[in-house]
Amino acid sequence: MVLFLLICLVFILASVLVFRKSAVRHPYANGILLAITISALATVCLAQNYTQSLFPEANDGLGVSNAVAYWIIGEDGWSKEKFKAYFENSAYLTFLLILAYPAVLAAEAKRKKS
């Protein structure tokens, strides 16, 4: 999970720097939009993995069902509870990013007016 977060963070920060150098309007808000997109994708993958784990007999046991979920969860200590915790934490993070977006956009717009 740490490696996945680190790679995503580096990608988002590099994108913000490129946005700033390219004179894109609202580079930080665009960075937040990129983070929302990545976080939403991860949440969907973790949700799919969690719901599939609810029926282990249909899947020949408990396992990680997609590559993104595997990058986040890893190989150790698979359980329904762990899958649910990762999904819920990812959903909360996505929600917080969605709440942060208008604040960042407003702050950038206000800063540009000054």
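What you are looking at is a predicted structure, and each value in this text was computed from that prediction instead of being measured.

Caption draft 1: Geometry of the pattern of salt bridges. One pass over the full model with this rule turns up 1 salt bridge. Among the salt bridges present, the one from glutamate 88 reaches lysine 84, with a minimum N-O distance of 3.8 Å. Separated by 4 residues within a single helix, glutamate 88 and lysine 84 lie in helix H4 (residues 80-113), roughly one turn from each other.

Caption draft 2: Molecular detail of the packing of aromatic side chains. According to the stated counting rule, one finds 2 aromatic pairs in the structure shown. Arranged with centres 6.3 Å apart and planes meeting at 10°, the rings of tyrosine 50 and phenylalanine 87 form a pair that is stacked. Taken as a pair, tyrosine 50 in helix H2 (residues 27-53) and phenylalanine 87 in helix H4 lie far apart in primary sequence, 37 residues in all. What makes tyrosine 50 buried here is its relative accessible area of 17%. Aromatic pair tryptophan 78 and phenylalanine 83: ring centres 6.5 Å apart, planes at 50°, arrangement tilted. Of the residues examined, phenylalanine 83 reaches a relative accessible area of 0% and is grouped as buried.

Caption draft 3: Looking closely at unusual backbone geometry. Phi is positive for alanine 23, which is not a glycine, with a value near 60°. Inspection of the secondary structure puts alanine 23 in the loop between helix H1 (2-21) and H2.

Caption draft 4: Seen up close, the state of the cysteines. A complete count under the given rule lists 0 disulfides for this structure. Free of any disulfide, cysteine 45 has its nearest cysteine sulfur in cysteine 8, 11 Å distant. Exposure remark for cysteine 45: the relative accessible area of 13% places this residue in the buried category.

Caption draft 5: Expanded view of the packing of H2 against H4. Running from N to C, H2 and H4 point in directions that differ by 165°, and their axes come no closer than 8 Å. On the basis of the axis angle, H2 is roughly antiparallel to H4. Two packed elements cross with a definite hand, and for H2 against H4 that hand is left-handed. Considered class by class, the residues forming the contact of H2 with H4 number 22 nonpolar, 6 polar and 4 charged.

How each quantity is defined
Residues numbered from 1 in each chain as written. Predicted model: local features only at pLDDT ≥ 70, side-chain atom pairs only at ≥ 80, totals over all residues. Heavy atoms only, no water. Salt bridge = Lys/Arg side-chain N within 4 Å of Asp/Glu carboxyl O. Helix = DSSP H or I, 4+ residues; strand = E, 2+ residues; numbered from the N terminus. Phe/Tyr/Trp six-rings, centres within 6.5 Å; stacked < 30°, edge-to-face > 60°. Buried < 20%, exposed > 50% of the residue type's maximum accessible area, 1.4 Å probe, protein only. Disulfide = S-S within 2.5 Å. Axes fitted to C-alpha atoms, helices over the stretch in contact; angles between N-to-C directions. Parallel < 35°, antiparallel > 145°, perpendicular 65-115°, else oblique. Left-handed = near helix turned anticlockwise from the far one by under 90°. Nonpolar A, V, L, I, M, F, W, Y, C, P; charged D, E, K, R; others polar.

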